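Examining the three-dimensional arrangement
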Amino acid sequence: MSSTYLTLYKMIVLYMLKRCQMPLSKSQIYDFILEKEYTNFLTLQEVFSELASSGLITEKTMANRTYLELTEDGAKTLEFFGNRVNPAVRDQIDEYLKANNMKLINETSIKGDYRKVADNNYEVRMIATDGNQVLMDLTMSVPTEETAQSILDKWQNCNQDIYSYLVKELM
């Protein structure tokens, strides 16, 4: 793969992170780039790896999702080299982010994970954020992995109702 193309793909990822102004998951970025057929999965893996190793992005993994966040060095790099991204591609990114804004926010601001802590004991963690502010961080113990997964599924689907209920009952 030509280093010119790798640089372009890196700038696309950095531009997406800058324009979204919140962490995006790798899968959210894959969705856009692969849908537009700019490159393939393996090349994107290389792009993410190089961006992380050079300190232009940070990676945080939760619930089998890896979230990417633009670093200060990444923002500076984008300022210098961002003009390599074709204006039409920038418009496509902006359109994608605008059209999928609520979906991206929900996927990024509602997180959950579970882990086994002992025999017949799993710890389920549910988090709701608004930007960088944590609105709720709740951890529960449950007896089975199936229960933990069920709770996370309901958290993903009903988080607004659950959060509203807790606020109402506790205030």
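Look above for the structure.
Residues numbered from 1 in each chain as written. Predicted model: local features only at pLDDT ≥ 70, side-chain atom pairs only at ≥ 80, totals over all residues. Heavy atoms only, no water.

**Looking at a nonpolar patch on the surface**
Just so we agree on the cut-off: Exposure above 30% relative accessible area and the lack of any salt bridge qualify a residue for a patch; like charges then connect within 9 Å, and the nonpolar side chains Val, Leu, Ile, Met, Phe, Trp and Tyr within 5 Å. All accessible areas in this document rest on Shrake-Rupley with a 1.4 Å probe, and a residue is counted as covered only by the protein chains that are shown. By definition, a salt bridge exists where a carboxyl oxygen of Asp or Glu is found within 4 Å of a side-chain nitrogen of Lys or Arg. Strands here are runs of E lasting at least two residues and helices are runs of H or I lasting at least four, both read from the DSSP assignment and numbered beginning at the N terminus.
Side chains of Leu-34, Phe-41 and Leu-42 sit close together on the surface and give an oily, nonpolar patch of about 300 Å² of accessible area. Here Leu-42 is to be found in helix H3 (residues 41–53).

**Some words on the pattern of salt bridges**
Counted only if it meets this: Residue exposure (1.4 Å probe, protein chains only): buried if accessible area is under 20% of the type maximum, exposed if over 50%, otherwise partly exposed.
Inspection of every chain in the model, using the stated rule, returns seven salt bridges. Among the ionic pairs, Lys-60 bridges to Glu-69, the shortest N-O distance being 3.5 Å. Exposure remark for Glu-69: the relative accessible area of 25% places this residue in the partly exposed category.

**As for the packing of aromatic side chains**
Put simply, the rule is: Between rings of Phe, Tyr and Trp, where Trp is taken as its six-membered ring, a pair exists when centres lie within 6.5 Å; planes separated by under 30 degrees are stacked, by over 60 edge-to-face, and by other angles tilted.
Overall, the coordinates contain six aromatic pairs when judged by the stated rule. For the pair Phe-32 and Tyr-96, a centre-to-centre distance of 5.1 Å together with 45 degrees between the ring planes defines the contact as tilted. Note that Phe-32 is positioned in helix H2 (residues 26–35) and Tyr-96 in helix H5 (residues 87–99), a separation of 64 residues in sequence. Across this residue pair, the class does not change: Phe-32 and Tyr-96 are buried. Feature note: the residues Tyr-30, Phe-41 and Phe-48 constitute an aromatic cluster, connected by ring pairs.

**Section: the sheet that holds strand E1 (residues 24–25)**
Put simply, the rule is: Two strands pair if DSSP finds at least two bridges between them. Any two residues whose heavy atoms approach within 4.5 Å are treated as being in contact. Lines fitted to the C-alpha atoms define the axes, with helices restricted to the stretch that makes contact. Angles between their N-to-C directions range from 0 to 180 degrees.
Overall, antiparallel pairing links the three strands, which are arranged E1-E3-E2 in an open sheet. In the strand order of this sheet, the two ends are held by E1 and strand E2 (57–62), each with one partner. When E1 meets strand E3 (residues 65–70), the two strands line up antiparallel, connected through two bridges. Its bridge partner lying in E3, Ser-25 is registered against Tyr-67. In this fold helix H1 (residues 3–20) packs onto E1, E2 and E3, with an angle of close to 80 degrees to the strand it touches most, E3.

**With respect to the nonpolar core**
So the rule is basically this: Here the nonpolar core consists of buried residues drawn from Ala, Val, Leu, Ile, Met, Phe, Trp, Tyr and Cys, with membership extended through side-chain atoms lying within 4.5 Å.
Core analysis: the biggest nonpolar cluster contains 30 residues, and Val-13, Ile-29 and Ile-93 have the highest contact counts within it. If you list the elements that add at least two residues to this core, you get H1, H2, H3 and H5. Here the element with the most residues in this core is H1; it accounts for 10 residues. Those residues within four positions of Val-13 in sequence are excluded, and the remaining contacts are Ile-29, Ile-33, Val-47, Phe-48 and Leu-51. Ranked by size, the runner-up nonpolar core spans 11 residues in total, among them Tyr-122, Val-124, Met-126 and Ala-128.

**Some details on the environment of Pro-143**
Considering the arrangement of structural elements, one finds Pro-143 in the loop between strand E6 (133–142) and helix H7 (145–170). Measuring from C-alpha to C-alpha, the distance between Pro-143 and Gln-156 comes to 20 Å, with 13 residues separating the pair along the chain. Every residue in contact with Pro-143, bar those within four places of it in the chain, is listed here: Asn-120, Asn-121 and Tyr-122.

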